[in-house]
Amino acid sequence: MQLGIFGVGDRTPDPATGVAPSEHERLHMIARIAVHAEEAGFDVFAIGEHHNPPFVVSAGSTLLAFIAARTSTITLSTSTTLITTNDPVKIAEDFATLQHLADGRVDIMLGRGNTAPVYPWFGQDIREGIPLALENYGLLRRLWDEESVNWSGRFRAPLEGFTAIPRPLAGHPPFVWHGSIRSPEVAESAARHGDGFFVNNLFMPTAHFARYVRFYRERWAAHGHGSAESAVVGAGSSLYVRRNSQDAFREYAPYYYGHPVTSSAGPLEEASQRTGAIVGSPAQAVERVLSFREQFGPYQRQLFGLDVAGIPEATIHEMIELAGAEILPAIREEVGSTPPDAFAHGFGGATGQPAGSSQVGSAG
C-alpha cells in the first residue's frame with residue numbers, strides 16, 4: 001500500500017485565533033508540508049484544484065513543480081484535476097511537462113468538480129458534467145497516446161494533426177486515477193480504461209463508498225484487466241492523531257465543528273466510527289486503516305487529509321512526525337508496501353493494465 005497526504009489548499013481561519021494565512025503564506029505552507037511528508041517517509045503528496053475562495057490552489061501543476069524541485073522521492077499527484085472545466089490539451093501538456101521536471105514522479109487524479117458556479121466560469125454547464133468528463137478524458141488519452149491527433153467532439157473545437165508537447169516521459173503518460181463520490185459512470189470509465197479508482201471516503205459512511213469500489217472491481221474484471229482483486233483502488237480519510245485518543249478528540253473538536261464541510265458528517269464521535277474521519281492515537285489510526293480494507297478489499301493507496309479547517313502548521317508537522325514514526329511502519333508491516341514506481345508507466349500495455357498491477361494487487 002502507498003501511504004500519502006492529500007489536501008485542498010483551503011484558507012480557513014484558525015478558530016483559536018480567528019486568523020487565516022495569506023495566500024502567499026498558505027502556498028508556501030503547502031510546499032513545506034509536502035517536503036516534510038517526504039522526509040517522514042510518506043509515498044505520495046497530492047493537492048486539489050479549486051477556483052473559488054477560500055482555496056488557493058488553482059494551478060496544481062505549477063505548485064507541484066515547485067515542490068518537485070524541493071523533493072527527490074515522493075510521488076506528486078493532484079487530489080483533483082477538473083477534467084470538465086480544464087482543456088484536455090492543457091492537461092496533457094502541463095502534466096507531461098511536470099512529469100519531465102519531476103523525473104517521472106507524477107500521477108494525476110481527475111474529477112468532475114461539484115461546485116456549480118465554476119462550470120460557467122469556464123464556459124460549461126454542470127448539467128453536462130458526465131458527458132463532458134467522458135469526452136474530455138477520451139481526448140486526453142489520445143493526446144498522450146498519439147503523436148498526431150485528428151479529433152472532433154461536442155464540447156471543444158476540433159483538432160487536426162495536433163501534437164501535444166512535450167510528449168510523455170519515455171512514452172509513458174502519468175498514471176491516472178478517477179476520483180468519485182457518487183458517479184457509477186466515473187467508476188465505469190476508470191475500469192474500462194484500466195485506470196485507478198479513488199474514493200475520498202469523507203463526510204459520508206464508508207459503506208457508501210464501498211458500493212462504488214465493488215462496482216469498479218466488477219467492471220475492471222469484465223473489461224479483461226484481471227481479477228477484481230487486482231483492480232487499482234485508492235481511498236482517503238482525514239487524520240488527527242495525538243499520543244492518546246482523549247487529546248486528539250479534545251484538540252480536533254474546534255476545527256471539526258468550526259468548518260461547515262467537515263462537520264457535515266455529524267457529531268465527531270459518530271463520524272470517527274462511520275466515516276473515514278480518523279481521530280485518536282497512532283494505534284487507533286492503524287486499526288481504522290486496516291478496517292477500511294474490510295470494506296474496500298486489498299487497496300493500493302491510502303491518503304490522509306491533515307491540512308484542513310485552519311489547523312496550525314506546527315500541529316500538522318507534529319502529526320506528520322508521529323505518523324512517520326508509528327503509523328506508516330505499522331501499516332506497512334501489516335499489508336506490505338506498493339513500489340514507488342508501480343503506477344509510473346501510465347496506461348500500460350495492450351490491455352490498459354498499469355505496469356506493476358499484478359504486484360500491487362496482491363501487495364496492497
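Residues numbered from 1 in each chain as written. Predicted model: local features only at pLDDT ≥ 70, side-chain atom pairs only at ≥ 80, totals over all residues. Heavy atoms only, no water.

Asker: Talk me through the pattern of salt bridges; I want residue IDs and the actual numbers.
Answerer: Between side chains of opposite charge, pairing is possible as soon as their charged atoms come close. This structure, assessed with the given rule, holds 18 salt bridges. Taking the shortest distance from any N to any O, the salt bridge between Asp-307 and Arg-26 comes out at 2.8 Å. Taken as a pair, Asp-307 in the loop between β11 (301-305) and α11 (313-335) and Arg-26 in helix α1 (residues 23-40) lie far apart in primary sequence, 281 residues in all. Judged by relative accessible area, which is 9%, Asp-307 ranks as buried. One salt bridge connects Asp-247 with Arg-250, and the closest N-O pair in it is separated by 3.0 Å. Residue Asp-247 and its partner Arg-250 are both found in helix α8 (residues 245-257); the two are separated by three residues, about one turn of the helix. You can call Arg-250 exposed: its relative accessible area is 54%. Several salt bridges share partner residues, and in doing so they unite Asp-10, Arg-26 and Asp-307 into one network. (Salt bridge = Lys/Arg side-chain N within 4 Å of Asp/Glu carboxyl O. Helix = DSSP H or I, 4+ residues; strand = E, 2+ residues; numbered from the N terminus. Buried < 20%, exposed > 50% of the residue type's maximum accessible area, 1.4 Å probe, protein only.)

Asker: Which residues make up the nonpolar core, and what values go with them?
Answerer: If you look at the biggest cluster of nonpolar residues, it comprises 100 residues, and the most contacted ones within it are Phe-42, Phe-45, Phe-197, Tyr-216, Phe-296, Phe-304 and Ile-331. In terms of residues, this core owes the most to one element, α11, which gives nine residues. In contact with Phe-42, not counting residues within four places along its chain, are Leu-3, Gly-4, Ile-5, Ala-37, Ile-74, Phe-304, Ile-320, Ala-323, Leu-328 and Arg-332. (Core = buried A, V, L, I, M, F, W, Y, C linked by side-chain atoms within 4.5 Å. Contact = heavy atoms within 4.5 Å.)

Asker: Please set out the packing of aromatic side chains residue by residue, giving values where relevant.
Answerer: Scanning the model with the defined rule gives nine aromatic pairs in all. Ring geometry for Phe-6 versus Phe-198: centroids 6.0 Å apart, planes at 70°, classification edge-to-face. Of this pair, Phe-6 sits in strand β1 (residues 2-7) while Phe-198 sits in strand β8 (residues 196-199), and the two are 192 residues apart along the sequence. On the basis of relative accessibility, which here comes to 2%, the residue Phe-198 falls in the buried class. Judged by centre distance (6.4 Å) and plane angle (40°), the rings of Phe-292 and Phe-296 are tilted. Pair noted here: Phe-292 and Phe-296 are both in helix α10 (residues 282-296), with a separation of four residues, about one helical turn. (Phe/Tyr/Trp six-rings, centres within 6.5 Å; stacked < 30°, edge-to-face > 60°.)

Asker: Pulling in residues and values, what's your account of the pairing of strand β4 (residues 107-111)?
Answerer: Summarising burial for β4: five of the five residues are buried, a large majority. Going residue by residue along β4, you find Asp-107, Met-109 and Gly-111 tucked away on one face and Ile-108 and Leu-110 tucked away on the opposite face as well. Here two bridges tie strand β3 (residues 75-82) to β4, and the two strands are oriented parallel to one another. Bridge assignment links Thr-81 to a residue of β4, and that residue is Leu-110. Remark: the β3/helix α3 (residues 88-101)/β4 crossover connection has right-handed handedness. Where β4 and strand β7 (residues 175-180) come together, four bridges link them in parallel fashion. The residue bridging Ile-108 from the neighbouring strand is Val-176, located in β7. (Pairing = 2+ DSSP bridges. Right-handed = clockwise from strand over helix to strand, strands pointing away.)

Asker: Can you break down the environment of Ser-227 residue by residue, with the values?
Answerer: The topology assignment puts Ser-227 in the loop between α7 (206-222) and β9 (233-241). Look at Ser-227 and you get partly exposed, because its relative accessible area is 38%. Measuring from C-alpha to C-alpha, the distance between Ser-227 and Arg-217 comes to 8.0 Å, with 10 residues separating the pair along the chain. Ignoring sequence-local partners within four residues, the contact set of Ser-227 consists of Trp-220 and Ala-221.

Asker: Tell me about unusual backbone geometry, and name the residues and values.
Answerer: A negative phi angle characterises most non-glycine residues, just as the trans form characterises most peptide bonds. Put simply, Pro-53 and Pro-54 share a cis peptide bond, and its omega is 10°. Mapped onto the secondary structure, Pro-54 falls in the loop between β2 (44-48) and α2 (60-68). Residue Pro-166 is bonded to the preceding Ile-165 through a cis peptide linkage, with omega at -5°. You can see Pro-166 is positioned in the loop between β6 (159-162) and β7. Although it is not a glycine, Asp-103 sits at a positive phi angle of roughly 55°. For Asp-103, the location among the structural elements is in the loop between α3 and β4. Residue Phe-203 is not a glycine yet carries a positive backbone phi of 70°.

Asker: Help me get a handle on α3, residues and values and all.
Answerer: With 14 residues, α3 should cover 20 Å at 1.5 Å per step; its first-to-last C-alpha distance of 20 Å lies within 8% of that length. Taken residue by residue, α3 has Pro-88, Val-89, Ile-91, Ala-92, Glu-93, Phe-95, Ala-96, Leu-98 and Gln-99 as its buried positions. The inward-facing, buried residues of α3 contact α2, β3, β4, α5 (129-145) and β6. Near the N-terminus of α3, the side chain that reaches the backbone nitrogen of Val-89, with its oxygen 3.0 Å away, is that of Asp-87. Where α3 terminates, the next one or two residues include Asp-103, which has phi positive at roughly 55°. (Expected span 1.5 Å × (residues − 1). Polar contact = N/O pair within 3.5 Å; in protein donor to acceptor, adjacent residues only side chain to side chain.)

Asker: Before we move on, could you go through the environment of Ala-34 and cite the residues and values that matter?
Answerer: Structurally, the position occupied by Ala-34 is in helix α1. The residues touching Ala-34, leaving out its near neighbours within four places in the chain, are Phe-45, Ile-67 and Ile-74.

Asker: Tell me about helix α6 (residues 184-193), and name the residues and values.
Answerer: Most of α6 is tucked away, with seven of its 10 residues classed as buried. Within α6 the residues assigned to the buried category are Val-186, Ala-187, Glu-188, Ser-189, Ala-190, Ala-191 and His-193. Looking at the buried side of α6, the elements it contacts are α5, β7, β8 and α7. Phi turns positive, to about 75°, at Gly-194, one or two residues after α6.

Taken by themselves, the reported measurements are silent on function.
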